[in-house]
Amino acid sequence: MNYRAWRILRVRLGLGIFTTSLLAAHPTAVAQSGPIDQAIVGDHDQKTHEVNTDEIRRVLADGSVVVIDARTRSEYVTGHIPGALNFDVPPDQVAAALERLLKEDKGRALVLYCNGPYCQASRRLGEHLVAAGFTRVQRYQLGMPVWRALGGPTEIELEGIVRIYQYDRTAVFFDARSPEEFARGSLPGAHNVPADRLSAGALDQAPLPKDDFNTRIVLFGRDAAQARSLADSLSRRPWHNVTYYPGRFETLREAIQ
């Protein structure tokens, strides 16, 4: 069985277990059928509509909504859905900050997410925004855990990558630049996986952790496009704790030094 087939089987089995446990804990939850990318939690008495993984992928691609990460700032900087916003203010001040950002356009479509089905942060924020007059508030309640499990790309902020580099000794760093650029200097301890050689099997030669697929993997490159290219290739592999840095290598090297 190849990596792709194994990953699909693992996710399907995992979400099957998740659905069973969800129904046991929440008898009112709606059982899901069909493709896992179209699943939602389906709690009753919701004040905001849920979107599934397919829907959030689509709105991210066309830029039709504002995506808001309802988690803490420290969680956001170490990995978030690309393009998502996070307001580093107390929860009761988010509505005012969002209103200023949107120039008082309370009809703008919003999608909130947090740490998965049992996390209450996006529910609470959604209810607060509805009470504040926002009229098109939705939630991706499956949140970051399922986004990652289904291969969704995850960005890391400069603050987050510096913290992980300094304190997480288990993290693995991959440099997507060319071998020539890598030879001229990279982050100490990083491994080179050239993004322009992925079709030639560069990823198969990478020292990916085989004993723990939860190991944190951090990707960076010359720029966001190069790092994202490597991230997209890894999204079709079993490792799901993967983030990529969307900034320039020079900025990252200066911050690390």
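Note that the coordinates shown come from a computational prediction; the quantities given were computed from them, not determined experimentally.

With respect to the nonpolar core
Step number 1: Of all hydrophobic cores here, the largest spans 19 residues; its most connected members are Phe174 and Leu219.
Step number 2: Counting only elements with at least two residues in this core, the list comes to β5 (172-175), β7 (217-220), α9 (224-234) and β8 (242-244).
Step number 3: Element by element, the count of residues in this core is highest for α9, at 4 residues.
Step number 4: Other than its neighbours up to four places away in sequence, Phe174 contacts His191, Val193, Ala206, Pro207, Leu208, Ile217, Val218, Leu219, Phe220 and Leu230.

Looking at the pairing of β7
Step number 1: Going residue by residue along β7, you find Ile217 and Leu219 tucked away on one face and Val218 and Phe220 tucked away on the opposite face as well.
Step number 2: By the bridge criterion, 4 bridges tie β5 to β7 in an arrangement that is parallel. Residue pairing across strands places Phe174 opposite Leu219, the latter belonging to β7.
Step number 3: Summarising the sheet, β7 and β8 pair through 3 bridges and their orientation is parallel. Each residue of the ladder has a partner; that of Val218, found in β8, is Thr243.
Step number 4: In terms of handedness, the path from β7 via α9 over to β8 forms a crossover that is right-handed.

Some words on the sheet that holds strand β3 (residues 110-113)
Step number 1: Taken in spatial order, the 4 strands make up an open sheet running β1-β4-β3-β2, and their pairing is parallel. The strands lining the two open edges of the sheet, one partner per strand, are β1 (49-50) and β2 (66-69).
Step number 2: Inspection of the sheet shows β1 paired to strand β4 (residues 137-140) by 2 bridges, in the parallel sense. Bridging from a neighbouring strand, His49 pairs with Gln138 of β4.
Step number 3: Taken strand by strand, helix α5 (residues 121-131) contacts β2, β3 and β4, and its axis lies near 150° from that of β3.

Calculation notes
Residues numbered from 1 in each chain as written. Predicted model: local features only at pLDDT ≥ 70, side-chain atom pairs only at ≥ 80, totals over all residues. Heavy atoms only, no water. Core = buried A, V, L, I, M, F, W, Y, C linked by side-chain atoms within 4.5 Å. Buried < 20%, exposed > 50% of the residue type's maximum accessible area, 1.4 Å probe, protein only. Helix = DSSP H or I, 4+ residues; strand = E, 2+ residues; numbered from the N terminus. Contact = heavy atoms within 4.5 Å. Pairing = 2+ DSSP bridges. Right-handed = clockwise from strand over helix to strand, strands pointing away. Axes fitted to C-alpha atoms, helices over the stretch in contact; angles between N-to-C directions.

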